[in-house]
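Spelled out, the chains give:
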Amino acid sequence: MVLLRSLAACLFLTPPAVACDLALALAVDVSGSVDTTEYRIQMDGLAAGLRDPLVSEALVRGQAQLMLVQWTGSSRQKVTIPWTRIDSFDTLERFADQVADDPRVWRNFSTAIGEALEMTMSGFDAVADCKRHLIDISGDGVSNEGVEPTETHRALRTRGVTVNAIAIEESEPDLTAYFFENVIVGEGAFVVSAAGFADYPERIRKKLLREVTQQSAALEQQ
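What comes next concerns the included structure. In this text the structure is predicted, and so the values were computed from the model without any measurement. (Residues numbered from 1 in each chain as written. Predicted model: local features only at pLDDT ≥ 70, side-chain atom pairs only at ≥ 80, totals over all residues. Heavy atoms only, no water.)

### Considering the overall build of the protein chain
Rules: The helix count covers DSSP runs of H or I at least four residues long, the strand count covers runs of E at least two residues long, and both are numbered beginning at the N terminus. Only protein chains enter the area calculation, which uses a 1.4 Å probe; residues under 20% of their type maximum are buried, those over 50% are exposed, and those in between are partly exposed. Residue contacts are counted whenever heavy atoms from the two residues lie within 4.5 Å of one another. The Shrake-Rupley method, run with a 1.4 Å probe, gives the accessible areas here. Residue values count only the displayed protein chains as cover.
Looking only at helices and strands, the protein chain has 9 helices and 6 strands in total. Looking at the 222 residues of the protein chain, the share that counts as buried comes to 52%. Taking all contacts inside the protein chain whose residues are at least 6 apart in sequence as the whole, residues at least 24 apart take part in 77%. Split by element, the accessible area of the protein chain, about 10500 Å² in all, is 54% carbon and sulfur.

Right under this line is the structure:
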């Protein structure tokens, strides 16, 4: 009886596990149009965005799961950092370090956005317990190989996966409209525009802030 009471007391005093609020897959464009300097701007900018005080606070508080994917042409998509539960600021810092140090997998291939979405979508089976499933995809060009992005939308909706995008308009000034019409999907999905790679760090920071805090669209315009 004493043992049972002790066990009951332990169960009662143990705080409930914090549920995962967000599973966020960060899908980075490494196609041939992205040179070495531009790749480094993306990865350093993404790492800095994750370290932003408001972003990191929201990720830790929500026990988020993060994953990094590099993608380019057909059959060239790879998870380079697997799902990581952000259960502390130390974990967040280590993940950001990994992003900044992540070596580039491919260099001179085409742009297969549809296949990048398909491959990334399949990874959410491992984090089914998270409340929100989100793909954050970056790109500096339209899809020119493989499955059309719009062909993935039905499956993404069925799985409850939202796709947001950052359009890097370094050489394609109408890329934001293309992403809006062909890439993003899901309730509240949005596109952020970067005039060029130099604008990427600040734009990805604001994009992450909007995503992880579920704030209004007005935030992205500030």
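Once the structure has been displayed, the description carries forward.
### Remarks on the environment of T120
Note the threshold: Whenever a nitrogen or oxygen atom comes within 3.5 Å of another N or O atom, the pair is scored as a polar contact, on the condition that within protein one atom can donate a hydrogen and the other can accept it, and that pairs from neighbouring residues in sequence are kept only if both atoms are in side chains.
In this fold, T120 is placed in helix α5 (residues 113-122). Placed 50 residues apart in sequence, T120 and Q70 show a C-alpha to C-alpha distance of 9.8 Å. Separated by 2.7 Å, the side chain of T120 and the backbone oxygen of A116 make a polar contact.

### Observations concerning the state of the cysteines
Using the following cut-off: Put simply, a disulfide is two cysteine sulfurs that come within 2.5 Å.
Within this structure, the stated rule accounts for 1 disulfide. The disulfide partner of C20 is C130, and the gap between their sulfur atoms is 2.0 Å. Measuring handedness by torsion sign, the sulfur bridge of C20 and C130 sits at about 95 degrees and is right-handed. Of the two residues, C20 sits in the loop between α1 (2-13) and β1 (22-29) while C130 sits in the loop between α5 and β4 (132-139), which places them 110 residues apart along the sequence. Side by side, C20 and C130 carry an identical accessibility label, which is buried.

### Focus on the nonpolar core
Counted only if it meets this: The term nonpolar core refers to a set of buried residues drawn from Ala, Val, Leu, Ile, Met, Phe, Trp, Tyr and Cys, joined through side-chain atoms within 4.5 Å.
L46, L50, L59 and V99 are the most contacted members of the largest nonpolar core, which has 37 residues in total. When residues of this core are traced back to their parent elements, those giving at least two are β1, α2 (36-51), α3 (53-61), β2 (65-71), α4 (89-101), β5 (161-168) and α8 (200-213). The residues contacting L50, other than those within four sequence positions of it, are L26, V55, S56, L59, L66, L92, F95, V99 and L208. Core analysis: the next-biggest nonpolar cluster, separate from the first, contains 30 residues, A27, W83, M121 and F179 among them.

### What about α5?
Taken across its 10 residues, α5 has 7 buried, putting it largely inside the fold. Among all positions in α5, only I113, G114, E115, A116, L117, T120 and M121 are buried.

### Focus: the packing of aromatic side chains
Applied cut-off: In summary, the pairing rule links any two rings of Phe, Tyr or Trp, Trp by its six-membered ring, whose centres are within 6.5 Å, and it sorts them by plane angle into stacked for under 30 degrees, edge-to-face for over 60 and tilted for everything else. Any Lys NZ or Arg CZ that is within 6 Å of a ring centre and within 35 degrees of that ring's normal is treated as a charge sitting over the ring.
Per the stated rule, a full pass over the model turns up 2 aromatic pairs. Both rings, one in Y178 and one in F179, keep their centres 6.0 Å apart while their planes meet at 55 degrees; by these two values the pair is tilted. Accessibility assignment for this pair places Y178 and F179 in one class, buried. Above the face of the F190 ring, R210 is positioned so that its terminal group lies 3.6 Å from the ring centre.

### What to know about the packing of α2 against α8
Our working definition: Lines are fitted to the C-alpha atoms to define the axes, a helix being fitted only along its stretch in contact, and any angle between axes, read from their N-to-C directions, falls within 0 to 180 degrees. By convention the crossing between two helices is left-handed if the near helix lies anticlockwise of the far one by an angle smaller than a right angle, and right-handed if it lies clockwise. Charged residues are taken to be Asp, Glu, Lys and Arg, nonpolar residues to be Ala, Val, Leu, Ile, Met, Phe, Trp, Tyr, Cys and Pro, and polar residues to be all remaining types, Gly included.
The geometry of α2 relative to α8 is characterised by a closest axis approach of 8 Å and an angle of 40 degrees between their N-to-C directions. α2 and α8 meet at a crossing whose hand is right-handed. Taking contact as the criterion, the partners of I41, Q42, G45, L46, G49 and L50 in α2 are, on α8, Y200, P201, I204, R205 and L208. Classifying every residue of the contact of α2 with α8 gives 7 nonpolar, 3 polar and 1 charged.

### Focus: the side chain of E211
Mapping E211 onto the fold places it in helix α8. A distance of 2.7 Å separates a polar atom in the side chain of E211 from a polar atom in the side chain of K207. Those residues in contact with E211, other than ones at most four positions away along the chain, are L24, R132, L134, D136, N164 and F190.

### As for the sheet that holds strand β6 (residues 191-194)
For sheets, the rule is that strands pair by backbone hydrogen bonds, running either parallel or antiparallel. Applied cut-off: Two strands pair if DSSP finds at least two bridges between them.
With mixed pairing, 6 strands are arranged side by side in an open sheet as β3-β2-β1-β4-β5-β6. Taken across any chain shown, the strands that pair with only one partner, and hence form the sheet edges, are β3 (77-85) and β6. The average undirected angle you get between the axes of adjacent strands in this sheet is 15 degrees. Relative to β4, β1 is paired through 6 bridges, and the arrangement is parallel. Opposite L26, over in β4, you have D136 as the bridge partner. Contacts from α2 reach β1, β2, β4 and β5 within the one sheet, and its direction differs from that of β1 by about 160 degrees. Each of β1, β2, β3, β4 and β5 touches α5; the most contacted strand, β4, lies at about 150 degrees to it.

Treat this as a map of the structure, not an account of what it does.
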